[in-house]
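Understanding the architecture of this molecule
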Amino acid sequence: MNAETELRDRLASAATRADRWDDDWAAADAVIDRRRVERRHRVLGAAATVCAVVLAVLVPTVAGGMFADSSAPPAQGVDAGDPWDSPVRGSLAGDHAFLAQVAALDWPGTSRPAARRVVFAGDLGDQRWVLVAGRVGGAMQGAWFTGRAGAVPGGLAFASSAPLPASGVAEGTHLSGDGSSLVVLARPADRLLVSKAVRVDADGAASREWSPVALTRGVARVDLPTAAGAVRYRVERDGVPVAAGPTVSADLPDGDPAADVVAVAAQPPLRGGQGTAPAAAVATALESVTGRTGLAVADLHPRLLWTGPVPSGDGVTAQAVVLAATLPSGAVLTSTAWAVPDGTGTQAGRFFTAARPCGTTVDPAGTPVDDLVAVGRCAVGDGLVTRSLVVSAPARVTQVRVDSGAGPGEPQPLAGSGVLDDHGAVTSVTVSGPGLDPVTAPVARSGDALAVDGG
C-alpha cells in the first residue's frame, strides 16, 4: 500500500464516522493533489541542482577546448576581423596565471594600452618570448618581452614596442653581444624569406640572396650574427608580399667604442685633414658597411682617408671622417660620417654622441685606394640643419666642379679633400689637377651603395 492509498483509506474511515463522506473525499483529493505537486517540485529542484553541477563542471572543459590556445575569450572592444583578435599562440598559451601576469607588465613610452591581451607566449630555442598587445586610440600597439627559456614574468625584460599592422605580421628581436635572434609572427599559410646580408661582388654590384624559413604554426625564430642589422626578411601571402623588415632596429645597444674602432680612429689620415677623428664618427661610418654586409671590422681592412670639420646648423662644429673598406670580394666601399661633441669628453672618445652617416660609394676590385674619389652628403644639426658635400680625392687634385644636372659648374679650388656647400640639387662632382684626367664621382646618399631589396 502506498502513501496515497493509506491516506485515502484513513480519511474515508474518519468521514464515515462523522457522516461527511462527500466533503472529506474532496478534502482527500485536494491533499493528494497538493502532495503530488510538492513531490514534483522536489524532483525538479533536485534535477536543476544536478544540471547546475554538471554545467559548472562541463562549461570550463568545453571552453578550454574552444580556447585551447587562449588565456581568455577575445578581448572586449576589438574590431571584428582584427588579425590580432585571435587565441594566444605559443607553448605557454594554456598557462593562464603566467599570461595574466605578463599582460600586466609595463613598458616605456606613452603608447601603453590600458586593456591588454597576450598574442604570443612561449620558449623558442634558449629564449622566452612574449608579445602583449592592446589598443591605443584606433591602433593596435604591441610590446615584446624576452628572457631566458623558462623565465618567470618578473624575469622578462622589455625588448621593443611598435604598432601592430593589419597584415597580421609582427617581429621581435633579442640582442646580445654573443649574437642575436629575430622572431617573426605571421599566418600559418604565409611564406617567410630571410636574407642574412648584402653581398658585394668584385665588380661592385650589391645584391641579396633570399632563403625560405619554415613557419611553425605561423612562428619562426632566426638566429642572427652579431651584426644583426644586416638581416632582412619578407613575408608573402598567396605569392604577394605583405610585410618586410625588420622595422624595429636590430642594432646592438650603444656602448664604449670597440677596440678596433678606436684603432681606426687613431690612424693617421692618408689624405690629411684637420682635427682628430672621433671614434663615434668612425663607428657610424663602419656600421654603414658592417650593418648591411654582416662583416666584422677586421674583415674590411679599413683605412682612414680624411677627417675635418663640417658646419652645423646648431652652431656646433661637427667632425667628419672618410673611410675606405676593402671587402672580401676586393670591391672597395668608401663611407663618410660625422659626429658632434656633447661637451663632456675628448674628440677621440665616445663622447661624440650625435653621429650620422653621409652615405657610401662603391668601386670595383682592383681600384687603388689612393685613386678613390668619393662624395658624401652630410646634413648636420638637430633643429637647424646645414648641408655639406664632403669630397675626398687624391692629394694632387686642385679643383672641383659640381654638377646639378645641367653640366659641371664653375671650378672651385680643392686641395685634395674638403667640404663644399650643398644646395640639394648636386648629383655629381668632377675633380681635376695637374697631370690628372678629370674624374667624375656621384654624390652618395645615405646607404645608397648597399640599399638593395629593402636595405
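Structural data are supplied above this passage.
Attention in this report is confined to the structure presented alongside it. (Residues numbered from 1 in each chain as written. Predicted model: local features only at pLDDT ≥ 70, side-chain atom pairs only at ≥ 80, totals over all residues. Heavy atoms only, no water.)

Side note on the nonpolar core
Put simply, the test is: Residue types Ala, Val, Leu, Ile, Met, Phe, Trp, Tyr and Cys, when buried and joined through side-chain atoms within 4.5 Å, form a set referred to as a nonpolar core. The rule is simple: take the accessible area with a 1.4 Å probe, protein chains only, and divide by the maximum for that residue type; under 20% is buried, over 50% is exposed, in between is partly exposed. Numbering goes from the N terminus for both helices and strands, where a helix is a DSSP run of H or I of at least four residues and a strand is a run of E of at least two.
Core analysis: the biggest nonpolar cluster contains 29 residues, and Val282, Leu286, Leu300, Val321, Leu323 and Leu327 have the highest contact counts within it. In terms of residues, this core owes the most to one element, helix α5 (residues 279–293), which gives seven residues. With 17 residues, the next largest nonpolar core counts Trp107, Val118, Ala121 and Val130 among its residues.

A word on the state of the cysteines
Heads up, the condition is: Two cysteine sulfur atoms make up a disulfide if the distance between them is within 2.5 Å.
Under the counting rule described, the total for this entry stands at one disulfide. Residue Cys358 pairs covalently with Cys378 via a disulfide, S to S 2.0 Å. Between Cys358 and Cys378, the S-S dihedral sits near 115 degrees, and the bridge is therefore right-handed. Residue Cys358 is found in strand β17 (residues 354–363), and its partner Cys378 is found in strand β18 (residues 374–380); the two are separated by 20 residues along the sequence. Grouping residues by exposure puts Cys358 and Cys378 together as buried.

Focus on the sheet that holds strand β11 (residues 219–224)
In any sheet, the strands associate via hydrogen bonds between backbone groups, in a parallel or an antiparallel arrangement. Counted only if it meets this: Should DSSP find at least two bridges between two strands, the strands are taken to pair. Orientation is described by lines fitted to C-alpha atoms, with helices fitted over the stretch in contact, and by angles between N-to-C directions that extend from 0 to 180 degrees.
Read from one edge of the open sheet, three strands run β5-β6-β11, paired in antiparallel fashion. Every interior strand has two partners, whereas the edge strands, β5 (170–174) and β11, have only one. Each neighbouring strand pair of the sheet contributes to a mean axis angle of 15 degrees, computed without reference to strand direction. Taken together, the five bridges between β5 and strand β6 (residues 180–185) define a ladder with antiparallel strand orientation. Note that in β6 the partner of Gly172 across the bridge is Val183.

Some thoughts on unusual backbone geometry
With omega at 5 degrees, the peptide bond leading from Gly245 into Pro246 counts as cis. One non-glycine residue with positive phi stands out, namely Asp238, at about 55 degrees. Asp238 gets classed as exposed once you look at its relative accessible area, which sits at 79%.

Thoughts on the environment of Pro394
What counts, and what does not: It only takes one pair of heavy atoms within 4.5 Å for two residues to be counted as in contact.
Mapping Pro394 onto the fold places it in the loop between β19 (386–392) and β20 (399–403). Along the sequence, Pro394 and Leu372 sit 22 residues apart, while their C-alpha atoms lie 7.0 Å from each other. Residues contacting Pro394, with those up to four places away along its chain left out, are Arg271, Asp370, Asp371, Leu372, Val373 and Gly416.

What about the pairing of strand β24 (residues 436–444)?
Pairing analysis gives two bridges linking β18 to β24, with the strands arranged parallel. Bridge pairing in β24 links Val375 to Val443. As consecutive antiparallel partners, strand β23 (residues 428–433) and β24 are separated by two residues, and within that stretch Gly435 has a phi angle of approximately 70 degrees, a positive value.

Side note on the sheet that holds strand β12 (residues 232–237)
Taken in spatial order, the four strands of this open sheet run β10-β7-β12-β13, and their pairing is antiparallel. Edge positions in the sheet fall to β10 (211–213) and β13 (240–245), since each has one partner strand and no second. Recorded for the sheet is a direction-independent mean angle of 30 degrees between the axes of neighbouring strands. In the sheet, β12 pairs with β13 via five bridges, with the strands oriented antiparallel. Looking at the pairing, Arg237 lines up with Val240 of β13.

Examining the side chain of Ser312
Position of Ser312 relative to the elements: it lies in the loop between β14 (303–310) and β15 (318–326). Look at Ser312 and you get buried, because its relative accessible area is 14%. Setting aside anything within four residues of it in sequence, one finds Ser312 in contact with Val380, Gly381 and Thr386.

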